[in-house]
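Single-letter residue listing:
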Amino acid sequence: MKKNVIATVLAISMVACLTAGCGQTKETAAPAGDTAAPATEAAAEEAAPATTEDVTITFMASQDWIQDAEMELGEKFTEETGIKVDYQIVPSDQYESLLMTKINSGECTDIFGGQSSQFSIVTQFDVEKNAVDLSGESWAGNVDPAAAVELSANGKLYGQPIQDVSACWAVAYNISMFEELGLSIPTNYAEFCDVCDKLLAAGITPIYECVSDGWHHVCWTEAAVAATQANEGYPEALNANTDTFAGNKELTTMFTQLKEMADKGYMGENFMSNQYADAPAAIASGEYAMVLYNQGLGAEVNAVDSSFSADNIGYFVNPLCDNQALNVNYCGPSRFIFSGSKNIDAAKKYLEFMASDESLAYMTEHVSKFNQLPYKNAPSAYSDVVQDFYDRYPNKVAVFQASVKYYNPAWMDIGADMSAMFLGEMTPEEVLKDIDKLRAEQAAAASDPAWN
């Protein structure tokens, strides 16, 4: 069945021909034999405002940010309002550079996706200039306060959360496989290595990793919360530019352990070319035992193989640096309306539709990794397995994406450095030094006085 909502996957070769996001007015040719309309009538028609049936709003986002369920809701939105939605989905490793090019050229789509963060939405997106103030919208008061902080500048709300930010990146594992091999949930890095060694001995690849996407392997660095636990003032010192990543004991250990995991074969032979989209199938196959994932993996594996119970996937925290704290992050993919859009009112209607009780319930029901969207009017859908995971780790620490300035915008560059580290082209110490350099460049662009 042909969809009214079009999802466009942009390849590199198409970047140059992307057009600015704006509504298009339909042109109707005069029937054969009809005379042309008088000039005054034509001018009046041209000056008349477009109806909702003439409007198409464009929405550009990175891979995995827009779920099928949202596109399905987009079709319903079109049926109810007449406003069409053109979803432009960009490969994750190309998205950030393309987005900034379009914003800086003044030719961005009507709605653009961006990672929230009270720091980066100002320093990277300059939302006070490039996004629409959404504080007065009917749904704004329903946004979870902690999530709203990461989308606000000078007390004004500029974004709308897309995904569940209650879920964290944790090690998801095959429960029955662990039981059959007599394996227990590790509580430190040494125990984690012991689990991996026993899995290798049984002919099973311990970890499914997918470096080719450019971003997923960086999620392992959320174990950097260990540095915050060792020194609660460390994030503040980084933000004041009185401390650095380079030389930090916990972070050096974290990257060293990641390199060791790759060298020992814990990630298998194809971890540099594996793709994130294939993770559920890889776990369902039984070839792999674990993957760093959010708390929706069980349902996704079950969708691949109905004989694989969703409750057969358990979770434990990332144990690098012996971490046992739950890494929390209220930042996540969000919707922003471009201030230069010609369809601001139509875009606002879309955001209002997506934040309605019915839409939030539909998203929660149809997206397995959405257990609690960050809205007061969103339902909760935690399974017993997921709730047990959260209950097991009462200590919660904010990840660097939320607590450290200029870290999130450097994410893909950190990923490139980590790829080089896995290949032996950079050392863990060099990766840390480059993070300091990347942050300094961001700070200079933002004219941050702490770096002057």
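Caption draft 1: Here's a closer look at the overall build of the chain. Secondary structure summary: the chain contains 19 helices and 14 strands in total. Residues classed as buried in the chain amount to 54% of the 452 residues present. Long-range contacts, defined as pairs at least 24 residues apart, comprise 78% of the intrachain contacts of the chain with a sequence gap of at least 6. For the chain, the accessible surface area stands at approximately 19,500 Å², while carbon and sulfur atoms represent 49% of it.

Caption draft 2: View of a negative patch on the surface. Taken together, the side chains of Glu79, Glu80, Asp357 and Glu358 define an acidic patch exposed on the protein surface. If you list the elements that add at least two residues to the negative patch, you get helix 2 (68-81) and helix 15 (357-366).

Caption draft 3: Examining the environment of Ile344 more closely. Relative to the assigned elements, Ile344 resides in helix 14 (residues 344-354). Through-space distance from the C-alpha of Ile344 to that of Val132 is 8.2 Å; in sequence the pair is 212 residues apart. Setting aside residues up to four positions removed in sequence, Ile344 forms contacts with Val132, Ile337, Phe338 and Ser339.

Caption draft 4: Layout of the packing of aromatic side chains. Counting across every chain of the model gives 29 aromatic pairs. Both rings, one in Tyr87 and one in Tyr350, keep their centres 6.4 Å apart while their planes meet at 65°; by these two values the pair is edge-to-face. Placement of the pair is Tyr87 in strand 3 (residues 84-90) and Tyr350 in helix 14, with a sequence separation of 263 residues. Of the two residues, Tyr87 and Tyr350, neither departs from the other in class, the shared state being buried. Geometrically, the ring pair formed by Trp169 and Tyr293 is edge-to-face, given 6.4 Å between the ring centres and 70° between the ring planes.

Caption draft 5: How the structure looks around the sheet that holds strand 10 (residues 288-293). Ordered in space as 9-10-8-11, the four strands form an open sheet in which the pairing is mixed. Two strands in the sheet have a free side with no partner beyond their single neighbour: strand 9 (205-208) and strand 11 (313-316). The average angle at which neighbouring strand axes cross in this sheet is 30°, direction not considered. Of the strand pairs in this sheet, strand 8 (residues 170-174) and strand 10 are connected by four bridges, and their pairing is antiparallel. Bridge pairing links Ala170 to Tyr293 in strand 10. Set on the sheet, helix 16 (residues 384-392) makes contact with strand 8 and strand 11; between it and strand 11 the angle comes to about 15°.

Caption draft 6: Main features of unusual backbone geometry. Positive phi values are uncommon outside glycine, yet Tyr406 reaches one of about 70°. Residue position: Tyr406 is located in the loop between helix 17 (400-403) and helix 18 (411-422). Phi angles above zero are rare outside glycine, and Ser447 is one such case at about 55°. Relative to the assigned elements, Ser447 resides in the segment after helix 19 (428-445). The class of Ser447 is exposed, set by a relative accessible area of 53%.

Caption draft 7: Looking closely at the confidence of the model for the chain. Confidence in the prediction for the chain averages 89 pLDDT; 88% of positions are at 70 or higher. A low-confidence stretch, residues 1-50 (pLDDT under 50), is modelled with 55 contacts involving residues beyond four sequence positions or located in other chains.

Caption draft 8: The environment of Thr256, seen in detail. Of note, Thr256 is situated in helix 11 (residues 249-263). On the basis of relative accessible area, Thr256 is assigned to the partly exposed category, the value being 37%.

Caption draft 9: Examining the pattern of salt bridges more closely. In total, this model carries nine salt bridges according to the counting rule given. A salt bridge links Lys369 to Asp64, with the nearest nitrogen and oxygen atoms 2.8 Å apart. A residue pair is termed long-range when its members are at least 10 positions apart, and Lys369 in the loop between helix 15 and helix 16 and Asp64 in the loop between strand 2 (56-62) and helix 2 qualify at 305 residues. Residue classification places Asp64 among the partly exposed residues on the basis of a relative accessible area of 31%. Between Lys405 and Asp448 there is a salt bridge, and its shortest N-O distance comes to 2.9 Å. Residue Lys405 is found in the loop between helix 17 and helix 18, and its partner Asp448 is found in the segment after helix 19; the two are separated by 43 residues along the sequence.

Caption draft 10: Geometry of the pairing of strand 2. Along strand 2, six of the seven residues are buried, which leaves the element largely enclosed by surrounding structure. Here seven bridges tie strand 2 to strand 3, and the two strands are oriented parallel to one another. By the bridge assignment for strand 3, Ile57 is matched with Val85. Between the parallel elements strand 2 and strand 3, the chain passes through helix 2 in a crossover that is right-handed. Where strand 2 lies against strand 4 (residues 111-115), two bridges are found, and the strand directions are parallel. Counterpart to Met60 in the pairing with strand 4 is Phe112.

Caption draft 11: Region of the structure containing helix 19. In a regular helix each residue adds 1.5 Å, so 18 residues correspond to 26 Å; helix 19 covers 26 Å between its end C-alpha atoms and thus fits that length. Among the residues of helix 19, Pro428, Val431, Leu432, Asp434, Ile435, Asp436, Leu438, Arg439 and Ala443 are the ones counted as buried. Where helix 19 is buried, its residues touch helix 10 (234-239), helix 11 and helix 18. Two residues or fewer past helix 19, Ser447 is found with a positive phi of approximately 55°.

Caption draft 12: Examining the packing of helix 2 against helix 15 more closely. Between helix 2 and helix 15, the shortest axis-to-axis distance is 9 Å and the interhelical angle comes to 145°. Crossing of helix 2 over helix 15 shows right-handed handedness. Side by side, helix 2 and helix 15 meet where Ala69, Glu70, Glu72 and Leu73 of the first sit next to Ser359, Tyr362, Met363 and His366 of the second. Residue composition of the contact of helix 2 with helix 15, grouped by class: four nonpolar, two polar and two charged.

About the thresholds
Residues numbered from 1 in each chain as written. Predicted model: local features only at pLDDT ≥ 70, side-chain atom pairs only at ≥ 80, totals over all residues. Heavy atoms only, no water. Helix = DSSP H or I, 4+ residues; strand = E, 2+ residues; numbered from the N terminus. Buried < 20%, exposed > 50% of the residue type's maximum accessible area, 1.4 Å probe, protein only. Contact = heavy atoms within 4.5 Å. Areas by Shrake-Rupley, 256 points an atom, 1.4 Å probe, with all protein chains shown as cover. Patch = residues over 30% accessible without salt bridge, like charges linked within 9 Å, V, L, I, M, F, W, Y side chains within 5 Å. Salt bridge = Lys/Arg side-chain N within 4 Å of Asp/Glu carboxyl O. Lys, Arg positive; Asp, Glu negative; His and termini not counted. Charge placed at Lys NZ, Arg CZ, Asp CG, Glu CD. Phe/Tyr/Trp six-rings, centres within 6.5 Å; stacked < 30°, edge-to-face > 60°. Pairing = 2+ DSSP bridges. Axes fitted to C-alpha atoms, helices over the stretch in contact; angles between N-to-C directions. pLDDT = per-residue confidence, 0-100. Right-handed = clockwise from strand over helix to strand, strands pointing away. Expected span 1.5 Å × (residues − 1). Left-handed = near helix turned anticlockwise from the far one by under 90°. Nonpolar A, V, L, I, M, F, W, Y, C, P; charged D, E, K, R; others polar.

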